[in-house]
Amino acid sequence: MVQVIKRMEVIPVAGYDSMLLNLAGAHEPFFTRNIVVMTDSDGVIGVGEVPGGEVITRRLESCIPLVEGRPWSQCNDIVMTCAKMLSAQVTAAPAGGTETAHAQIFKKVTNVLTGVETPLLDIMAKHLEVPVAALLGDGQQRDSVRFLGYLFYVGDRTKTGMPYIHDDDDSDEWGRIRREPALTAEAIVHQAKAAQERFGFHDFKLKGGVFSGAEEMEAIRALKRSFPDARITIDPNGAWSLAESLELCRDMVGTLTYCEDPCGAEGRFSGRETMAEFHRLSGLATATNMIDTDWREMKAAIRLDSVTIPLADPHFWTMRGCVRVAQLCHDMDLTWGVHSNNHFDISLHMVAQAAAAAPGFYNACDTHYMWQDGQHLGQEPPVFRDGCLSVPRDAPGLGVEIDRAKLEAAHRLYVEHDCGTRDDAAGMQSIIPGWEYDPHRPALVR
Ligand code: GKR
Ligand code: MG
């Protein structure tokens with residue numbers, strides 16, 4: 001008897017965040033996600049997590065009639081049917097907005113497809129008694145997946161009047177410092193040491209685009225002095241000009257292992273063109289989650305040789321799509337990596353399963369989870385050992401069993417604080433009235 005999906009639930013949730021700074025401003029006290037829970041006719045449960053915001057919630061809800069009543073074994077067909085329906089929705093949407101805004105809407109379609117695909121894969125893997133990784137690409141390639149420590153400058157929450165969480169974890173140095181201001185190179189090194197102590201990370205990424213590039217490079221040099229063997233990268237989200245990027249990265253080969261989105265579109269040149277020049281002239285490997293985020297962009301990036309590390313986040317490539325990227329990287333002398341936003345443990349497991357199926361060398365996966373550690377929605381907390389999460393071959397599914405009480409509490413938090421789509425500008429305006437996003441000016445260079 002073939003099991004069918006009896007119920008698909010879409011649950012918007014919120015969790016607590018620190019005042020993390022980036023080019024777009026400051027993270028607000030709460031981050032949001034959409035959780036999808038599917039239950040089949042045998043009572044087997046599958047889960048998935050995708051970015052937050054009402055547009056994604058509504059689009060996920062519009063998929064429910066196309067999912068309920070269908071056998072999980074028709075996963076491919078279900079996802080394809082949802083894709084067609086969503087494309088029609090987007091195409092029919094009223095014209096207007098910029099081309100970039102339109103591209104963003106299409107990205108949200110992929111977010112939605114990930115939200116449909118992942119619980120189906122989880123259920124399928126549970127029935128087949130294999131990890132999800134076994135169903136991706138050529139199957140499971142490794143039992144343990146490496147993550148990096150994602151370091152951020154942190155603003156002073158006490159100056160905002162906003163309800164940022166604090167004093168929530170006194171168990172170690174990382175717990176004590178992660179809600180406190182970090183605005184210097186020393187503070188960044190301190191973060192790295194404390195995070196390494198708790199999670200065992202070997203590699204680090206610094207979110208740039210906050211102070212001047214020169215100041216941020218000082219933090220990178222200080223990190224390298226403290227962690228000479230670490231693979232280190234910086235990501236200013238395209239804030240620097242090409243000339244500035246080259247100037248800042250002169251002499252950084254050997255200190256930076258790769259550089260993520262140093263520059264972007266400039267005058268007559270696209271971001272893929274400036275990144276190609278940067279790659280050739282700096283001698284550094286280039287990573288991105290900004291200019292190589294779908295197959296059309298990927299074709300252009302490969303032709304130009306702009307990107308050596310596509311950060312193929314399953315949330316915007318789908319689980320199977322991001323492993324397809326990993327396979328292509330393996331065959332084309334590129335190396336695969338993953339992008340992240342704030343997330344719960346379900347997303348962490350999604351990334352771990354995808355990375356477990358990535359062939360060959362891969363870059364330590366991005367994760368914001370160290371800022372969220374302790375807020376899991378699963379029955380068991382994820383455990384990092386030596387900077388890695390294990391993906392046991394005898395653990396069927398995604399690796400997370402949902403805790404209904406925790407899920408309900410995260411949903412209540414979302415409702416009580418009237419959360420919605422992320423707005424980093426609002427976070428920054430709470431300390432700098434009138435602050436506005438400028439894609440070419442670091443957030444605190446005003
Ligand atoms: O969490 O502030 C942040 C990051 O800046 C995030 O929004 C980016 O999407 O981590 C991401 C990145 O690598 O660009
Ligand atoms: Mg990035």
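About the criteria used
- Here the residue index of a chain counts from 1 through its sequence in written order.
- Throughout, the order in which chains and ligands are written sets their labels, letters from A for the former and numbers from 1 for the latter.
- Local features in this predicted model are restricted to residues whose pLDDT is 70 or higher, and side-chain atom pairs enter the listing and the counts only when it is 80 or higher, whereas totals over whole chains, interfaces and linings include all residues.
- UniProt positions are given in the numbering used here, feature names are shortened, and annotations may be inferred rather than shown by experiment.
- Placing the C-beta atom from the backbone, one calls a residue near a molecule or strand if that atom lies within 6 Å of it.
- For this scheme, ten residues count as nonpolar: Ala, Val, Leu, Ile, Met, Phe, Trp, Tyr, Cys and Pro. Four count as charged, namely Asp, Glu, Lys and Arg, and the remainder, Gly too, count as polar.
- Pairing between strands requires that DSSP locate at least two bridges from one strand to the other.
- Only runs of H or I of at least four residues qualify as helices and only runs of E of at least two qualify as strands under DSSP, and these elements are numbered from the N terminus.
- This entry defines residue contacts through backbone-placed C-beta atoms, with two residues in contact when those atoms are within 7 Å.
- Angular values range over 0 to 180 degrees, each being the angle between N-to-C directions of two axes fitted as lines to C-alpha atoms, with helices fitted over their stretch in contact.
- Nonpolar cores are built from buried Ala, Val, Leu, Ile, Met, Phe, Trp, Tyr and Cys residues. These are joined into a set through C-beta atoms within 7 Å.
- For the exposure call, what matters is how many other C-beta atoms sit within 10 Å of a residue's own: 20 or more marks it buried, 12 or fewer exposed, and in between partly exposed, using C-beta atoms placed from the backbone.
- For the domains described, the bounds stem from an automatic or database domain assignment.
- Any angle between 65 and 115 degrees counts as roughly perpendicular, while under 35 counts as roughly parallel, over 145 as roughly antiparallel, and the rest as oblique.
- Note on convention: the crossing is left-handed when the near helix lies turned anticlockwise from the far helix by less than a right angle, right-handed when the turn is clockwise.

Identification of the protein as glucarate dehydratase from Coriobacterium glomerans is taken from an unreviewed UniProt entry. What UniProt states about the protein under its Pathway (unreviewed entry) heading is, verbatim, "Carbohydrate acid metabolism; D-glucarate degradation; 2,5-dioxopentanoate from D-glucarate: step 1/2."

(A) Quick look at the site of ligand 1. Taken together, Leu20, Asn22, Lys207, Asp235, Asn237, Asn289, His339, Ser340 and Asn341 are the residues near ligand 1. Of the residues in the shell around ligand 1, the class split is 1 nonpolar, 6 polar and 2 charged.

(B) Local environment of the sheet that holds strand β8 (residues 204-207). Read across the open sheet, the 6 strands follow the order β7-β8-β9-β10-β11-β12; overall the sheet is parallel. Two strands close off the open sheet at either side, each with one partner strand: β7 (149-151) and β12 (309-310). Note that strand β9 (residues 232-235) and strand β10 (residues 258-260) share 2 bridges and pair parallel. By the bridge assignment, isoleucine 234 is partnered in β10 with cysteine 259. Strands in contact with helix α6 (residues 213-226) are β8 and β9; relative to β9, the strand with the most contacts, it is inclined by about 165°.

(C) Representation of the sheet that holds strand β1 (residues 5-16) in the model. Ordered in space as β1-β4-β5, the 3 strands form an open sheet in which the pairing is antiparallel. The open sheet terminates on both sides in strands that have one partner only, identified here as β1 and β5 (45-51). Across the sheet, the axes of successive neighbouring strands diverge by a mean angle of 20°, strand direction being ignored. Across the sheet, helix α1 (residues 54-67) touches β1, β4 (30-40) and β5, and the angle it forms with β1 is around 165°. Across the face of the sheet, helix α14 (residues 404-416) comes into contact with β1 and β4 while running at roughly 60° to β1.

(D) The nonpolar core, seen in detail. Of all hydrophobic cores here, the largest spans 130 residues; its most connected members are Val116, Leu120, Val145, Phe147, Ala326, Ala354 and Ala355. For this core, the two domains that each supply at least three residues are domain 1 (5-134 + 403-416) and domain 2 (140-390).

(E) Region of the structure containing the pairing of β5. Counting buried positions along β5 gives 6 out of 7 residues, so the element sits mostly inside the fold. Summarising the sheet, β4 and β5 pair through 7 bridges and their orientation is antiparallel. In the strand pairing of β5, isoleucine 35 is matched with glutamate 49. Connecting β4 to the antiparallel partner β5 that follows it, the hairpin turn spans 4 residues, and glycine 43 within it adopts a positive phi of roughly 85°.

(F) Quick look at the domain arrangement of the protein. Domain annotation for the protein reports domain 1 (5-134 + 403-416) and domain 2 (140-390). Each of domain 1 and domain 2 has a C-alpha centre, and these two points are 23 Å apart. Residue-level contacts link 36 residues of domain 1 with 43 residues of domain 2. Looking at the side of domain 1 that touches domain 2, the elements that each hand over two or more residues are β1, β2 (21-22), β4, β5, α3 (99-128) and α14.

(G) Up close: the packing of helix α5 (residues 185-199) against α6. Remark: α5 packs on α6, axes separated minimally by 9 Å, with the N-to-C direction vectors making an angle of 40°. The angle between α5 and α6 falls in the class oblique. Considering the relative orientation of α5 and α6, their crossing is right-handed. Two secondary-structure elements touch here, α5 through Ala185, Ile188, Val189, Ala192 and Lys193 and α6 through Glu218, Ala219, Ala222, Leu223 and Ser226. Partitioning the contact of α5 with α6 into residue classes produces 7 nonpolar, 1 polar and 2 charged.

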